[in-house]
Protein chains: 2
Amino acid sequence: MKKLYIVGLGPGGGQDMTGRAKAVLENADVIVGYTVYIDLIREDYSHKELFTTPMRKEVERCEMALELANGGKTVAMVCSGDPGVYGMAGLCYELSEKWPEVELEVIPGITAACGGAAVLGAPLMHDFCLISLSDLMTPWQAIEKRLRAAAQADFVVCLYNPSSHKRKDYLQKACDILLVEKSPETPCGYVGQIGRDGESATVLTLGELRNAQVDMFTTVFVGNSQTKILGGRLVTPRGYLQR
Amino acid sequence: MKKLYIVGLGPGGGQDMTGRAKAVLENADVIVGYTVYIDLIREDYSHKELFTTPMRKEVERCEMALELANGGKTVAMVCSGDPGVYGMAGLCYELSEKWPEVELEVIPGITAACGGAAVLGAPLMHDFCLISLSDLMTPWQAIEKRLRAAAQADFVVCLYNPSSHKRKDYLQKACDILLVEKSPETPCGYVGQIGRDGESATVLTLGELRNAQVDMFTTVFVGNSQTKILGGRLVTPRGYLQR
């Protein structure tokens, strides 16, 4: 059977990988991925054929993986976090129509929302939205609309891709939209380099977040109306003590 | 140091557990959890002290874990999926104010949204909301408001706790709210018993989902306006092929 596994490494690629992800990588002939993610696992899998492609070459990367699988190799394409959350799983399925003999299987990983939440405390205990602030493939208007809806319905909000060289003020713009409905005192947090060297966590208010500088390796959390800071941790009660 | 780990088992408690979760369980003196989750790992950890409490006894369970940790044992409290997503992490932090010497650490796991998405294909590739349909601790009005906001802003929606004995028609009510904005042809899916014996996946339209019968061990996915069914898989394109 011709097989392509799309594998989530979790946030750091190490201890947060699942047993299933490890077993798939050990069984693969070839591992394909974005250079930065391959570097996270290069040491452990140096005996495998490793193929890397740079950023923005997502279509080429997936086509390479499908082509290699079609040629009879067992291929694992690795993604940081979960391949099913802003990762490569969808693109692989879309492209796989050209390689109908290749069977795809997604191996889930810990996505940054869950990994970062664990570092901060427990901000995602109630209904939440994941929103990417990258407008490379999504019109900014659609992002704005989702931010507004999330704030109006009092969701906890987790922001992916909050900033980049070209989008330095996007987090500020997003906070301004959230601040229409949410209080500037709303507890928030952000985590950089989750599960990697240099991991750092910050707890602050939405008003302060508006003026914070974060980079593209940061995941941002904005509380709902019930979120509190308890002993320095960001915690959204689910309601067990109120019922 | 007095320590309580709140550990995510992932969907099934087996292959989808992370290396970090496994290491924590192996290092623990005591493992505490809801009976059903302890049963998932009982065989592998029969040499540990295992404490179980029934459903609805969440406060007692967390207090027991904190008390044991305070007594000097290294305690792991296990949750299905991710303890930070509708799990016990938040409640442990809330209660821990009574046991200030106990340090808490959350070990994230694969939540049902990510585990179920991987089974169905790639439905969560773009911005999505997680909404629990349980109104045990959340007024139904708040749930309705979130469903409406999610539909209006074209989020993919993932529903937790879609049904129970007392809430047989809640999924139908939720679908009716989503159908105000979303087409009845919107591709949807649901997965039962993710990662466990009897795992089953169904792909269908929102119109069909409205009349489906699902149980409390099911996670439901409702696509956005771009979600498609490709070769039987539920796939939300992120836009790589459109840019």
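In this report, we go over the structure that sits alongside the text.

Here we take up the packing of aromatic side chains. We describe a pair of aromatic rings using the distance from one ring centre to the other and the angle between the two ring planes. Residue and element names in this part refer to chain B. Scanning the model with the defined rule gives 6 aromatic pairs over all chains in all. Centroid distance Y86 to Y160: 5.1 Å. Interplanar angle 50°. Geometry classified as tilted. Of this pair, Y86 sits in the loop between β4 (75-79) and α4 (89-95) while Y160 sits in strand β8 (residues 156-160); the two residues are 74 residues apart in sequence, bridging distant segments of the chain. On the accessibility criterion, Y86 (9% relative accessible area) is buried.

Between chain A and chain B, the residue contacts involve 66 residues of the former and 66 residues of the latter. With both chains or domains summed, chain A and chain B bury close to 6,100 Å², and 59% of this area falls on carbon and sulfur atoms. Looking at the side of chain A facing chain B, the largest losses of area belong to M137, R146 and Y240 of chain A, adding up to 13% of the total buried there. Of the charged contacts, one joins R146 of chain B and D127 of chain A as a salt bridge, the two residues approaching to 2.8 Å between their closest N and O atoms. Counting across the chain A and chain B interface gives 28 residue pairs in polar contact (both at pLDDT 80 or more). Counting residues per element, the side of chain A that touches chain B draws most heavily on helix α4 (residues 89-95) of chain A, at 6 residues. Taken together, the residues of the side of chain A that touches chain B break down into 32 nonpolar, 19 polar and 15 charged. Where strand β7 (residues 128-132) of chain A lies against strand β7 (residues 128-132) of chain B, 3 bridges are found, and the strand directions are antiparallel. Counted as the bridge partner of F128 of chain A is L130 of chain B from β7 of chain B.

Residue and element names in this part refer to chain B. Mapped onto the elements of the fold, T53 is located in strand β3 (residues 49-53). Residues T53 and R210, 157 residues apart in the sequence, show an inter-C-alpha distance of 35 Å. Residues within four places of T53 in sequence aside, it is in contact with G33, Y34, T35, R61 and M64. At 2.6 Å, the side chain of T53 forms a polar contact with the side chain of R61.

With that out of the way, let us pick up the relation of the copies chain A and chain B. Mapping chain A onto chain B calls for a screw motion: a turn of 180° about the axis and a shift of 0.0 Å along it, with 0.0 Å RMSD after fitting. Considering both components of the superposition, the chain copies are consistent with a two-fold axis. The share of interface residues of chain A whose copies in chain B are also at the interface is 100%, consistent with both copies meeting through the same surface.

Next up on the list: the sheet that holds strand β2 (residues 30-34) of chain B. Residue and element names in this part refer to chain B. Spatially, β3-β2-β4-β1-β5 is the arrangement adopted by the 5 strands of the open sheet, whose pairing is parallel. With partners counted over all chains shown, the strands left at the sheet margins are β3 and β5 (102-107), one partner each. Ignoring which end each strand starts from, the neighbouring axes of this sheet average 20° apart. In terms of strand pairing, β2 meets β4 through 4 bridges, oriented parallel. Bridging from a neighbouring strand, V30 pairs with V75 of β4. Against the sheet, helix α3 (residues 58-70) makes contact with β1 (2-8), β2, β3, β4 and β5, and its axis sits at roughly 170° relative to β2, the strand it touches most.

Attention now goes to the pairing of β3 of chain B. All names here are of chain B. Pairing geometry for β2 and β3, over 5 bridges, is parallel. What sits directly across from V32, in β3, is F51. Once the chain exits β2 it traverses helix α2 (residues 35-41) before rejoining the sheet at β3, and the crossover so formed is right-handed.

This next bit is on the sheet that holds strand β12 (residues 228-230) of chain B. All names here are of chain B. Strand order in the open sheet formed by 3 strands is β6-β13-β12, and the pairing between neighbours is mixed. Two strands lie at the open edges of the sheet, namely β6 (121-122) and β12, each paired on one side alone. When β6 meets strand β13 (residues 233-235), the two strands line up parallel, connected through 2 bridges. Counted as the bridge partner of G121 is L234 from β13.

One finds I131, L147 and L209 of chain A together with I131, L133, L147 and L209 of chain B to be the most contacted residues of the largest nonpolar core, which totals 56 residues. Excluding residues within four positions of it along the chain, L147 of chain A makes contact with I131, L133, L159, A174, I177 and L178 of chain A. Listed in part, the 36 residues of the second largest apolar core include Y86, C114 and V156 of chain A together with A117 of chain B.

Describing two packed helices takes the angle between their axes plus the distance from one axis to the other. Residue and element names in this part refer to chain B. Relative to each other, helix α6 (residues 140-152) and helix α7 (residues 170-178) sit at 40°, their axes nearing to 9 Å. With respect to α7, the element α6 is oriented oblique. Crossing handedness for the pair α6 and α7: right-handed. Facing W140, E144, L147, R148 and A151 of α6, the residues of α7 in contact are Y170, K173, A174, I177 and L178.

Thresholds applied
- Residues numbered from 1 in each chain as written.
- Chains lettered and ligands numbered in written order.
- Predicted model: local features only at pLDDT ≥ 70, side-chain atom pairs only at ≥ 80, totals over all residues.
- Heavy atoms only, no water.
- Phe/Tyr/Trp six-rings, centres within 6.5 Å; stacked < 30°, edge-to-face > 60°.
- Helix = DSSP H or I, 4+ residues; strand = E, 2+ residues; numbered from the N terminus.
- Buried < 20%, exposed > 50% of the residue type's maximum accessible area, 1.4 Å probe, protein only.
- Contact = heavy atoms within 4.5 Å.
- Buried area = accessible area lost by both parts, 1.4 Å probe.
- Salt bridge = Lys/Arg side-chain N within 4 Å of Asp/Glu carboxyl O.
- Polar contact = N/O pair within 3.5 Å; in protein donor to acceptor, adjacent residues only side chain to side chain.
- Nonpolar A, V, L, I, M, F, W, Y, C, P; charged D, E, K, R; others polar.
- Pairing = 2+ DSSP bridges.
- Least-squares fit on C-alpha atoms with pLDDT ≥ 70 in both.
- Axes fitted to C-alpha atoms, helices over the stretch in contact; angles between N-to-C directions.
- Right-handed = clockwise from strand over helix to strand, strands pointing away.
- Core = buried A, V, L, I, M, F, W, Y, C linked by side-chain atoms within 4.5 Å.
- Parallel < 35°, antiparallel > 145°, perpendicular 65-115°, else oblique.
- Left-handed = near helix turned anticlockwise from the far one by under 90°.

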